[in-house]
Structure formats: structure tokens, C-alpha cells
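Now for the letters of each chain:
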Amino acid sequence: MAKIAIIYYSLYGHVATMAESIKEGLEAGGATVDIYQVEENLNKEILGKMGAPPKKDHPVITAEKMPEYDGFMFGISGRYGSIPAQMKIFMDSTGSLWQAGALVGKTAGTFVSTGTQGGGQENSQISMMSFLAHHGMVYVPLGYINATVFSFDEVHGGSAWGAGTYAGPDGSRMPSDLEKGVAVSQGKHFATITGKIAA
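Residues numbered from 1 in each chain as written. Predicted model: local features only at pLDDT ≥ 70, side-chain atom pairs only at ≥ 80, totals over all residues. Heavy atoms only, no water.

## Regarding the pairing of strand S2 (residues 32-37)
Of the pairings in the sheet, the one linking strand S1 (residues 3-8) to S2 comprises 6 bridges and is parallel in character. For Ile4, the partnering residue across the bridge sits in S2 and is Val33. Traced from S1 through helix H1 (residues 14-28) to S2, the parallel crossover comes out right-handed. (Pairing = 2+ DSSP bridges. Helix = DSSP H or I, 4+ residues; strand = E, 2+ residues; numbered from the N terminus. Right-handed = clockwise from strand over helix to strand, strands pointing away.)

## Description of the nonpolar core
Counting 28 residues, the largest nonpolar core has Ile7, Met66, Phe72, Phe74, Met87, Phe90 and Met128 as its most contacted members. Elements supplying a minimum of two residues to this core: S1, strand S3 (71-77), helix H3 (85-92), strand S4 (107-114) and helix H6 (129-135). Apart from residues lying up to four places away in sequence, Phe74 is in contact with Ile7, Met66, Met87, Met91, Ala108, Gly109, Thr110, Phe111, Met128 and Leu132. In terms of nonpolar packing, the next biggest core, distinct from the first, is built from 24 residues, Ile4, Met18, Leu178 and Phe190 among them. (Core = buried A, V, L, I, M, F, W, Y, C linked by side-chain atoms within 4.5 Å. Buried < 20%, exposed > 50% of the residue type's maximum accessible area, 1.4 Å probe, protein only. Contact = heavy atoms within 4.5 Å.)

## Some points on the pairing of S4
The buried fraction of S4 amounts to 8 of the 8 residues, a majority that puts the element mostly inside the structure. Burial of the side chains of S4 extends over both faces: Thr107, Gly109, Phe111 and Ser113 are buried on one face and Ala108, Thr110, Val112 and Thr114 on the other. Relative to S4, S3 is paired through 7 bridges, and the arrangement is parallel. Pairing of Gly75 across the sheet is with Phe111, part of S4. Two strands pair when backbone bridges link them, and S4 and strand S6 (residues 164-166) are joined in this way by 3 bridges, in the parallel orientation. Each residue of the ladder has a partner; that of Thr114, found in S6, is Tyr166.

## Quick notes on the packing of aromatic side chains
Considering all chains together, one arrives at 5 aromatic pairs under this definition. Residues Tyr36 and Tyr69 carry aromatic rings whose centres are separated by 6.1 Å and whose planes lie at 85° to one another, so their mutual orientation is edge-to-face. A residue pair is termed long-range when its members are at least 10 positions apart, and Tyr36 in strand S2 and Tyr69 in the loop between helix H2 (44-49) and S3 qualify at 33 residues. Both residues of the pair, Tyr36 and Tyr69, count as buried. (Phe/Tyr/Trp six-rings, centres within 6.5 Å; stacked < 30°, edge-to-face > 60°.)

## Remarks on the pattern of salt bridges
Under the counting rule described, the total for this entry stands at 8 salt bridges. Across the salt bridge formed by Lys49 and Glu45, the nearest N and O atoms sit 3.3 Å from each other. In this pair, Lys49 and Glu45 are both assigned in helix H2, 4 residues apart and thus about one turn of the helix distant. Exposure class is identical for Lys49 and Glu45. Each is exposed. Across the pair Lys180 and Asp177 runs a salt bridge, and its minimum N-O distance is 3.9 Å. Linking Lys180 with Asp177, this pair stays in helix H7 (residues 177-198), spanning 3 residues, or about one helical turn. (Salt bridge = Lys/Arg side-chain N within 4 Å of Asp/Glu carboxyl O.)

In C-alpha cells:
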């Protein structure tokens, strides 16, 4: 049974919500799953002025825990078509794992939240590739295993790179059932692939 960690950053709760759907799919695919968030580098005063809600109870990940897992689903809150500073700080802390080759052959996937269409959903996920390549990790995209990604019934996030949601210009839009459903299917697919690689 594959052991998978979801590692995310979420300012307004969108990515945290998607992480729960990813977890549902991972478990449906037979994996054991832990959810972590990366450390916040904004202080409470700034977060309060930004109107950020309280963080979820998920523990904060440290790089030292990563070798315990067979694969990782990274939840990205897009920033100008890239990953947020909080995720970069975490990834930058994995240098000793890179030196030891501790993550070579482990699987990785991504899911994302951005404000709007054209807000960089694909680019934000692509910006993780350099970290994954340097670690020798095996990238497992969503692909188009779920035809819902093609749906024109409603505005929604997601692409071949991974599940996604739109927060809206003011951050008030939360993940839709369609978006969460795509996340579940991505989790199940990722668990299946990771299980084969880890066997």
C-alpha cells in the first residue's frame, strides 16, 4: 500500500478544500494519506489585514519527513503564474534530501487554485517541475483521465497538469462540486500509479 503525503499552501482555504478531495481519491485508490501544510511566513497582523481565515489543523511539514513517503501531491496557491513564496521556502529547505538522493524515484503531482481564468493555473504547476526534476522524482499529471475537465457546463479550473479551482477576483468563490470531483479522480489515479512504482 502506497504512503502518500499531500503538501499544500492555502491562504484563503481554496487549496485546503481541494486537498480534502485529493485525499478522498487517494484513499479510494488504496493509499494511506497524510495532509500537511507548509509553514506560513506572513504574521498574524498581515494575515488579518488580508482577511485570511484561520488555518486548518493540518500539521506543518518539515523536509525531514519526506523520505517516509512514496509520493507527494503538492497543492499550489498560484502567484503570478508561479508558486507562492511559502511553497518555495519549503522546497528550498529540501537541499539535504537532494544531496542524499532521498526523493529519487518517488512520485509527485500537483493541483492548484488561482484567482481567475488566465491567472496561471498551468504555469503555476509547471513552476514546480524544476524542483521535481532536480530531486529525480517521477511526475504524474492528471492528463485527461476525467472527461469533466473538458466540460463547458460551468466555469472551472483544472487541466492536464492537475485539478484546479478558481477563487474569483475577490477570493469568495470556493471549489465547485465539479472541481472537487476532478480532484477525487486525480487522487485515485495518482494512488494507482504510485502504488505500481512503489511496489
